[in-house]
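Here is what each chain is made of, one letter per residue.
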Amino acid sequence: MAELTVTIDTEQQRQAISDSFAKLDPRYLVKNPVLFVVELGTLIGLLLTVVPGLFGATGSRVYYAIITVLLAFTVLFANYAEAYAELEGEAQADSLRALQTETEGKVLEDPEADLEAIDEDDYEAVESDTITQGDVVFVDEGDIIPRDGTVVEGSASVDESAITGESEPVIRQSGGDRTSVVGGTEVLSDSIKVEVTSEEGESFLDEMIGLVENAQRQKTPNEIAMTILLSGLTLVFVVAVGTMFFFGEYLATFADGFAGLDIAELVALLVALMPTTIGALLAAIRVAGMTRVTRRNVIAKSGRAVEAAGDLDALILDKTGTITTGERVAQDFHPLGDADDGDVVRASYQSSLYDETTEGRSIVKLAEKMNGAEPVTESDQSDAAADEPGSAIEAPRSVSVDLDGADLSEENFVPFSAESRMSGIDLDDGTEIRKGAVDAVEEYATSVPGKLRQESNRISENGGTPLAITVDKQVVGIIELQDELKPGIANRIAEIQKMGVETIMATGDNQRTARWVADQVGIDEFHAEFDPEEKIELVEDIQADGKLVGMTGDGTNDAPALAKADVGLAMNAGTNAAKEAGNMVDLDSNPSKIIEVVGIGKQLLMTRGSLTTFSVANDVAKYFVLLPAILAAAIPGLAVMDVLNLSTPASAVTATLVYNAFIIPLLIPLALRGVDYEAQSGAQLLRKNLIVYGGGGLIAPFIFIKAIDVLFVALGVFQ
Ligand SMILES: Nc1ncnc2c1ncn2[C@@H]1O[C@H](COP(=O)(O)OP(=O)(O)OP(=O)(O)O)[C@@H](O)[C@H]1O
Ligand SMILES: [K+]
Ligand SMILES: [Mg+2]
């Protein structure tokens, strides 16, 4: 899958630096209480630098100036992390926006015009900005689709690489779940009629990108909780350190040679104790996480959705198109009872002539191939796109049958629905032809040969999907459909399971086919013969146990369940209803993308968790470094805590502030890239996290602060 990675140029670097200064505005900074307190501390340092001796301070002006500068850098580095992440996110979003092109569109005078016979007299070629919503345009081979829309007739292969970066063309066709087309993409072969669904300048993608950019600036629920926690900690430290100041003043009244604690050093202690590192990186971690989602061509409408993806307990996957390729095409026809090959092929053909699903189109193709006849219907006179359903199938044998579509009319066609799990047509003479899922047909038919079950089980146990075909409610045979597992899907599912997420397959297909597929890919649980209603119930059932659940979908039928799920990933090729209902849209329309999104969500949560652990562990270590240094004069007994044996208190304070400030830019790359991520259970991750980031966080300050102190001694400062 193509990743469109946008790089930041020097111009943008400069922008990020200037944004870091703009973000010093206290009205902005107050939303991040940790940094706001550091900013206040900077002002105190500045005051002492300008007016020495204030608050009984006895240090030199230079010393206070150094403290002030280091505190200011702490805030600026934090602002830079956020500004940089935001610019990167915007650049990523802009890379999608660049798609808008000025082009020509062929607006049909008569939207009902026969697709195959359209010529220059039937349409008016106009600039795309004059096309309005509801217009039906003709898009011929080689044309650019002028605006977002729905394919209302025909099937074409479309180059969507402009939005997906994927060079492989995709099929977009009327009926079914692949009807949406995007303005600016190119039809490579065949022609389609597209009903325009957006007004000029209001493309779906643009609207979506607007949502993404907005979402990137909004704190997520977990982040808000985190901010409250960090603010609480900050408050505790402010009170504790504030109390120390007054305690120092009190001590000074009777302790010989002790003049009270230095307020600038107490500010330094406060800043060292506060979780400044994570406070500085929190926003950058969120923005970068969302940018990683955008980079995978997934539009996340909220940060909450990305976070929820990282926290999922269960993932509902459908079978066809998610676990399998979705190219479920006819392989063979099997007569049953008194019927012969010809009866089955004819009935299958007739019932599918207007069936625009992948399955339906492939049945027509196979029937024609077996018959060896020239295509009889107008809809097949076009040069078939090489990857059109069924075109690659070899006819297993030849059957001579009259495939006449003359007495069939589209009005009498009964389209497939996921509720009925059947489709068909009524002939002019009243003959009722239906095909569908075996259990659905068994209920519908009046005459069911004993061999139906046996034959269909045989097909299912090979991973195929049997469709029973009936003429006047008599089962005459079976259509054998075959799909293929997506390459590598079993590994992806295993990966999800390793993360502790339960995998559930819900399919409209029959029990045996479902079981076969479930076994092949090692899914935890499966539900077969599901209708869309039951999918919603499944989502609700899982949520009733207090679990977070994710799912993908494309059809109108999926919309309610997509809206219900905590993470609903809609396919861009799917219907508008589904795209509006979900909280994410995959521009590549690859349903198994949700597996990647879960990974990105996990990585976001892990990055935040790891850096929080590191930050807090750092602060604990800094406490042991600074406290003895600052209080040594007042409480000589504290010397036992002074494990680092730093040269002077001033050196200890400065070295600690240097570490405290510069650890932020050092961690920016990690915050933006995310911590290395591998599929593991929560408990394993927690353990590893504690050892690496907790243990490392305790040790790192000691090493660096001591090193800085040694450097100061070598340079002869603070001695
Ligand atoms: N064009 C069609 N005409 C008649 N029956 C069909 C057609 N397409 C599919 N079916 C039958 O209806 C069943 C249900 O279809 P549905 O789309 O609900 O689920 P699915 O595609 O099999 O699985 P999933 O839910 O995993 O995508 C299919 O398994 C098949 O037996
Ligand atoms: K700190
Ligand atoms: Mg389906």
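Residues numbered from 1 in each chain as written. Chains lettered and ligands numbered in written order. Predicted model: local features only at pLDDT ≥ 70, side-chain atom pairs only at ≥ 80, totals over all residues.

Note the following rule: UniProt positions are given in the numbering used here, feature names are shortened, and annotations may be inferred rather than shown by experiment.
By the naming in an unreviewed UniProt entry, the chain goes by Potassium-transporting ATPase ATP-binding subunit and is assigned to Halorubrum saccharovorum. Reading the Catalytic activity (unreviewed entry) entry of the UniProt record for the chain gives the comment "K(+)(out) + ATP + H2O = K(+)(in) + ADP + phosphate + H(+)". Turning to the chain, the UniProt annotation filed under Subunit (unreviewed entry) states: "The system is composed of three essential subunits: KdpA, KdpB and KdpC."

Considerations on the pairing of strand β4 (residues 149–159)
Going by this rule: As a rule, residues whose C-beta atom has 12 or fewer other C-beta atoms within 10 Å are exposed, those with 20 or more are buried, and those in between are partly exposed; C-beta atoms are placed from the backbone. In DSSP terms, a helix is any run of H or I states spanning at least four residues, a strand is any run of E spanning at least two, and both are numbered starting from the N terminus. The pairing criterion for strands is at least two bridges between them, as found by DSSP.
A large share of β4 lies buried, amounting to 8 of its 11 residues. Across 2 bridges, the pairing between β4 and strand β6 (residues 180–181) is antiparallel. Residue Gly149 lies in a different strand from β6, and its bridge partner there is Val181. Summarising the sheet, β4 and strand β8 (residues 192–196) pair through 5 bridges and their orientation is antiparallel. The residue bridging Glu153 from the neighbouring strand is Lys193, located in β8. Pairing analysis gives 4 bridges linking β4 to strand β5 (residues 170–173), with the strands arranged antiparallel. Considered in β5, the bridge of Ser157 is made with Ile171. Strand direction decides the pairing type here: β4 and strand β7 (residues 186–189), joined by 3 bridges, are antiparallel. Following the sheet pairing, Asp159 is matched in β7 by Glu186.

Remarks on the site of ligand 1
Selection criterion: A molecule or strand has a residue near it when that residue's C-beta atom, placed from backbone coordinates, lies within 6 Å of it. Gly falls in the polar group here, along with every residue not listed as nonpolar (Ala, Val, Leu, Ile, Met, Phe, Trp, Tyr, Cys, Pro) or charged (Asp, Glu, Lys, Arg).
The environment of ligand 1 is made up of 21 residues, and the closest members are Lys319, Thr320, Ala437, Thr507 and Gly508. Mapped by element, the contributors of at least two residues to the shell around ligand 1 are α11 (319–323), α13 (358–371), β13 (422–426), β14 (432–437) and β15 (465–471). Taken together, the residues of the shell around ligand 1 sort by class into 5 nonpolar, 9 polar and 7 charged.

Examining the sheet that holds strand β18 (residues 525–527)
Hydrogen bonds between backbone groups are what pair the strands of a sheet, and the pairing can be parallel or antiparallel. Just so we agree on the cut-off: Only the contacting stretch of a helix is used when fitting its axis, a line to C-alpha atoms as for every element, and angles between N-to-C directions run 0 to 180 degrees. Any pair of residues counts as being in contact when their C-beta atoms, constructed from backbone geometry, are within 7 Å of one another.
Strand order in the open sheet made by the 7 strands is β9-β21-β20-β19-β10-β17-β18, with mixed pairing throughout. One side of each edge strand has no neighbouring strand; the edge strands of this open sheet are β9 (298–300) and β18. The sheet shows a mean angle of 20° between the axes of neighbouring strands, direction not considered. Note that strand β20 (residues 567–571) and strand β21 (residues 584–586) share 3 bridges and pair parallel. What sits directly across from Ala570, in β21, is Val585. Packing of helix α18 (residues 532–544) onto the sheet brings it into contact with β10 (314–318), β17 (502–506), β18 and β19 (549–553), and relative to β19 it is tilted by some 165°.

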